[in-house]
Amino acid sequence: RYAHRGCDKSMTARDEAEHHRLCDFREEPCPNCRKPQIHGQLKAHEQQCRQNSEEVTPCRYHEQGCAHTPFARDLEAHETKVCEFRPVPCEFKQCLEKPMAKDRPDHVQNCKYRPVDCRNKSSGCGDNMTFVEEQAHAQICEYRLVECRYFSTGCAVKICYNQAQEHARVCGYRKQQCEYVPLGCDQTDCYAQDLAKHELECRYRPVECDFKFRGCTTKPSFSEKDDHQAKCRFRFEFPRYWANSDEHNFQQMVLSRGLEPFEQMAQATYVSKPTRDRPCPVNKCADIPRGGCEHVLAGGDPGLPLGYVVRKVIRIEDSEKWVKYAEARETIKNTRGDGYGKWAASAEPGLLTSKVVEDHAEAFAPLDHGINEMYLMHGTNIRASLSVGHNGVNLRAAGTHRGSHAGEGFYMSESITKADEYASDDRGEVGAYYDDVYAVVVLRVTMGKMNYTENFDKEAAAVSMGANAAFDSLLCDRLKAVDTFREFVVYNPDQAYAEYVILYERQYRIPDFRAPGRLGMPEDFSFQVPVYWENCYKNTAKLCSETSMCAPPNTGLCRKTQECQQFFVRKEVDVHSPTFALLQHMVNASAQQGKGGGRSTKLIRAERIEASKLWQMYVERKLEIRKQAQRKPDRRCKPIAEVDGAKESGNVLTTAIMDAPGVSDSSISVTHLELGINEVLAFHGTSKDACENILEGGFQIHDASEHRSRFGKGAYLAEDVHKSLEYCVENDGCNIVLLCRVTCGEIYYTTRNTEEDATTTAQGLSMNCTIGNPRGEGPREIVVFEKDQLYPEFVLYLQGEAQSEFRL
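Residues numbered from 1 in each chain as written. Predicted model: local features only at pLDDT ≥ 70, side-chain atom pairs only at ≥ 80, totals over all residues. Heavy atoms only, no water.

**Student:** Account for the overall build of the protein, with residues named and values stated.
**Tutor:** A tally of regular secondary structure across the protein gives 23 helices and 27 strands. By residue count, 50% of the 808 residues in the protein fall in the buried class. Accessible surface for the protein amounts to roughly 40,700 Å². Of this, 47% is attributable to carbon and sulfur atoms. (Helix = DSSP H or I, 4+ residues; strand = E, 2+ residues; numbered from the N terminus. Buried < 20%, exposed > 50% of the residue type's maximum accessible area, 1.4 Å probe, protein only. Areas by Shrake-Rupley, 256 points an atom, 1.4 Å probe, with all protein chains shown as cover.)

**Student:** Outline the nonpolar core, supporting the account with residue identities and numerical values.
**Tutor:** Side chains of nonpolar character tend, in soluble globular proteins, to be buried together. Core analysis: the biggest nonpolar cluster contains 105 residues, and Ile-314, Phe-364, Leu-443, Leu-503, Phe-527, Val-742 and Ile-782 have the highest contact counts within it. The leading source of residues in this core is strand 17 (residues 496-507), at eight residues. If near-sequence neighbours (up to four positions away) are discounted, Leu-443 is found in contact with Met-374, Tyr-375, Leu-376, Met-377, His-378, Val-393, Phe-410, Met-412, Ala-496, Tyr-497, Ala-498 and Glu-499. Among the nonpolar cores identified, the runner-up in size contains 24 residues, and Phe-580, Leu-583, Met-658 and Leu-798 belong to it. (Core = buried A, V, L, I, M, F, W, Y, C linked by side-chain atoms within 4.5 Å. Contact = heavy atoms within 4.5 Å.)

**Student:** Give me the confidence of the model for the protein: which residues, what numbers.
**Tutor:** Of the residues in the protein, 87% reach a pLDDT of 70 or more, and the chain-wide mean stands at 84. Low pLDDT, under 50, characterises residues 515-520; the stretch is placed with 22 contacts to residues that sit more than four places away or in other chains. (pLDDT = per-residue confidence, 0-100.)

**Student:** For the side chain of Ser-385, give the residues involved together with the corresponding values.
**Tutor:** Along the chain, Ser-385 falls in helix 13 (residues 382-391). Ignoring sequence-local partners within four residues, the contact set of Ser-385 consists of Thr-380, Ala-439, Val-441 and Val-501.

**Student:** Before we move on, could you go through the pattern of salt bridges and cite the residues and values that matter?
**Tutor:** Enumeration according to the criterion identifies 49 salt bridges in this entry. Residue Lys-321 pairs with Asp-318 through a salt bridge whose shortest N-O separation is 2.9 Å. On the basis of relative accessibility, which here comes to 25%, the residue Lys-321 falls in the partly exposed class. Its relative accessible area of 3% is what places Asp-318 among the buried residues. Residues Lys-622 and Glu-679 are paired through a salt bridge, measuring 3.2 Å at the closest nitrogen-oxygen approach. Linking Lys-622 in helix 18 (residues 612-630) with Glu-679 in strand 21 (residues 679-686), this pair joins segments that are 57 residues apart in sequence. Glu-679 matches Lys-622 in its accessibility class, with the two residues each being buried. In this structure, a network of salt bridges that share partners links the residues Lys-622, Arg-626, Glu-674, Glu-679, Arg-741 and Glu-793. (Salt bridge = Lys/Arg side-chain N within 4 Å of Asp/Glu carboxyl O.)

**Student:** An account of the environment of Cys-171 is needed here, citing residue identities and associated values.
**Tutor:** Tracing the backbone shows Cys-171 in the loop between helix 6 (161-170) and strand 7 (175-176). Separated by 21 residues in the primary sequence, Cys-171 and Tyr-150 place their C-alpha atoms 7.8 Å from one another.

**Student:** Tell me about the pairing of strand 20 (residues 601-611), residues and numbers included.
**Tutor:** Extensive coverage of strand 20 is indicated by the burial of eight of its 11 residues. Strand direction decides the pairing type here: strand 19 (residues 567-572) and strand 20, joined by five bridges, are antiparallel. In the strand pairing of strand 20, Lys-571 is matched with Arg-608. As judged from the seven bridges shared by strand 20 and strand 27 (residues 790-800), these two strands associate in the antiparallel manner. Across the sheet, the residue bridging to Thr-601 is Gly-800, located in strand 27. (Pairing = 2+ DSSP bridges.)

**Student:** Describe the packing of aromatic side chains, with residues and values.
**Tutor:** Inspection of the entire model under this criterion finds 22 aromatic pairs. Seen from their ring centres, Tyr-433 and Tyr-434 are 5.0 Å apart, and the 80° between their planes marks the pair as edge-to-face. Residue Tyr-433 is classed as buried on the basis of its relative accessible area, which comes to 16%. Judged by relative accessible area, Tyr-434 falls into the buried class, the value being 0%. Taking NZ or CZ as reference, Arg-114 lies 4.0 Å from the ring centre of Phe-131, over its face. The ring centre of Phe-471 lies 5.1 Å from the NZ or CZ of Lys-449, which sits over that ring. (Phe/Tyr/Trp six-rings, centres within 6.5 Å; stacked < 30°, edge-to-face > 60°. Lys NZ or Arg CZ within 6 Å of the ring centre and 35° of its normal.)

**Student:** If you had to explain helix 10 (residues 319-336) to someone new, which residues and values would you point to?
**Tutor:** Relative to the 26 Å expected for 18 residues at 1.5 Å per residue, helix 10 spans 25 Å between its end C-alpha atoms, a close match to the ideal helical length. Tucked into the core, helix 10 has its buried residues touching strand 10 (307-318), strand 11 (373-380), strand 13 (438-446) and strand 17. For helix 10, the N-terminal capping position is held by Asp-318, with its side-chain oxygen 3.1 Å away from the main-chain nitrogen of Glu-320. Looking one or two places after helix 10, you find Gly-337, whose phi comes out positive at around 70°. (Expected span 1.5 Å × (residues − 1). Polar contact = N/O pair within 3.5 Å; in protein donor to acceptor, adjacent residues only side chain to side chain.)

**Student:** Account for helix 5 (residues 131-140), with residues named and values stated.
**Tutor:** If you check which residues of helix 5 are buried, you get Glu-134, His-137 and Ala-138. What you see down the axis of helix 5 is that its buried residues fit within an arc of 105°, all on one side. Along helix 5, the residues that are exposed and aim more than 90 degrees away from the buried face are Gln-135, Gln-139 and Ile-140. On its buried face, helix 5 sits against strand 3 (115-117) and strand 4 (128-130). (Arc of directions from axis to C-beta.)

**Student:** Can you tell me about the pairing of strand 17, naming the residues and giving the values?
**Tutor:** Across the 12 residues of strand 17, 11 count as buried, placing the element largely inside the fold. In this sheet, strand 17 lies alongside strand 10 in antiparallel orientation, the contact comprising eight bridges. Bridging from a neighbouring strand, Tyr-308 pairs with Arg-506 of strand 17. The pairing of strand 13 with strand 17 spans eight bridges and is antiparallel. The residue bridging Val-440 from the neighbouring strand is Ile-502, located in strand 17.

**Student:** Account for unusual backbone geometry, with residues named and values stated.
**Tutor:** Put simply, Asp-301 and Pro-302 share a cis peptide bond, and its omega is 10°. Note that Pro-302 resides in the loop between helix 9 (260-268) and strand 10. Following Gly-778, the chain continues to Pro-779 via a peptide bond in cis, the omega torsion being 0°. Inspection of the secondary structure puts Pro-779 in the loop between strand 25 (769-772) and strand 26 (781-784). The backbone of Arg-635 shows a phi angle near 60°, a positive value even though the residue is not glycine. In this fold, Arg-635 is placed in the loop between helix 18 and helix 19 (640-644).

**Student:** How would you summarise the state of the cysteines if you had to cite specific residues and measurements?
**Tutor:** On inspection of all chains with the given rule, the structure shows zero disulfides. The thiol sulfur of Cys-95 is not disulfide-bonded, and the nearest other cysteine sulfur, from Cys-111, lies at 3.7 Å. No disulfide involves Cys-160; its sulfur sits 8.0 Å from that of Cys-141, the nearest cysteine. (Disulfide = S-S within 2.5 Å.)

Spelled out as structure tokens, the structure:
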């Protein structure tokens, strides 16, 4: 391999390695200078090298200041590695400078190309750059600190550039206008930090009315709050004994459970004095003289009623009319003050109603005697009295019965005897229902400044009428003048709030003359139309001249002929109303107490059905069953609880739920049921199409052979809503259940699991319905035989599940 250097030897391959190790032409480093030399020439080179290494040579950088003179053999190493004055490149690639080795650390430390962090690193910038780039970067860095744009208005905050806009948006030194400037505030240039405090105190800020809890949604400005509340229609508190006292928008007629206050009022205000205004009770006297006709005088036939038997009392709860009354009362108080009042408290003789009112705070709210507030009575036709609950006091009707001696006003009396002179039943009407049942309206009246007179005359009325009249009302003291009655007249309908309607019978000296009590006990008396219906005062027996013409629309009244009083109303029940709450309670409670196992069922919506034709058929059937019951010794049907053999717990669940303590009297109340003929509420599950057919034409009673039934032919209902849900067909996620009035009458009771001939057996025993209680364990089902024995009063839309416990 060293032939190029002059070696001409050849060898075998086996000797090649050994030859190369010893060949004179191989290279070896000089021990002095360490330069490679040919082995054959190495000794001569070593001698020469030793001579040269002992010479000294100045460093090439002596002009830069290096004073070192190394041996020749060390010069290269000195100049390249040791000399402090040798030039070395900067460690930063971008830098072209070559400082001396001794100056390199200072150069590196101060090199403009050295990497540095952004000066805004503490503010969040994480960028790296050369020193020469940092200044330019700092000028555009998003984390550089800048002054708030509102520095000139007082803000001393320095903020990162990228946060400056957000800071400016919330800076307390920015100028803003009060948000209530459109409402009248003049603060248009206010520091933001002061604005919150200002707006909390701004006199133009909207505030909630103190009567929000009663339903007021108005938000007046702070400066106008007092004025608003002084006029707010919700400032008036409703009587606490009202079923709707905690509501704010309602109109309802509620049956009063307690009759005692009104029985006492009838007794306390009875005066045995007739006047010429009392019609002849036997309709024989056309011209009635002063003091009444001969038939109402002492010893007459039948004479003056000896008293009045209270049958039912309706309380009228109407938020809008109460507010109007309270406003009229307040206006009189503010206008007149107390200087003209207290007549009612000091009258001689005393006001007849005062004692009863004071003794029964549970029925009559406290009166303001300072403005002559009192309770008075007004007699009228029974249907007109029922319409007062929906239509209020009607001055246009003044004088339609006996004349208006003191102008067009509303006439009232403190005596039921006087009010009774103007009361009339519906005798003589088509399908008369209220024969010998009369009504007086009990009103809460603010008489204010009364124009006192002893005789009715137009002049006295003239100064008591009109918005700017000198008086608020008229008091005609005929008691003082001719020893009859004091009469009270108001000319503003808002001064009188009709709070009660008392239905009563007259009690005569002659027992056989329309003897009271022939309709059974007071709790057995029922209305032709439920009083909580919009059309409660209608006579559902009055049809068009030709029955075929009568066609109430899907909702509303029949307008075919003037005399027709037919109607069909499908009224949505307000989900916030007590009625809706009670419906939900009945659904829940019937499931918990029945066989529903407490399964939850939610009431989504409810409708009340007012269908005059279906209702009239139901009423006529009730009357037949009532007559059947009145032929019995106790004039009643055997109660369901006694039929079931469990007097304490055998009543229908819905009746027990409504009659439980704490349950509010609303449109669904046990007081509306005729218990003497076993009238109850029960559930009937159905489909949407079948529901519409029932509402249009009533229930259909199919032959048992066509529809196999557990307890024979009839319409099936249940006291437990979950039993009714078994028969529902779901529609749009809801099940439709009808809550029906049911007149059970006389009951055939069976505990057999099935009894398909039960209807035949019951009818053979002159029974009106069957109650099936399988094995005595329930759930009980009510089976009525006639379609007019039940009326679909509510349509309930329910969400929930039912578990079938029985299948044929």
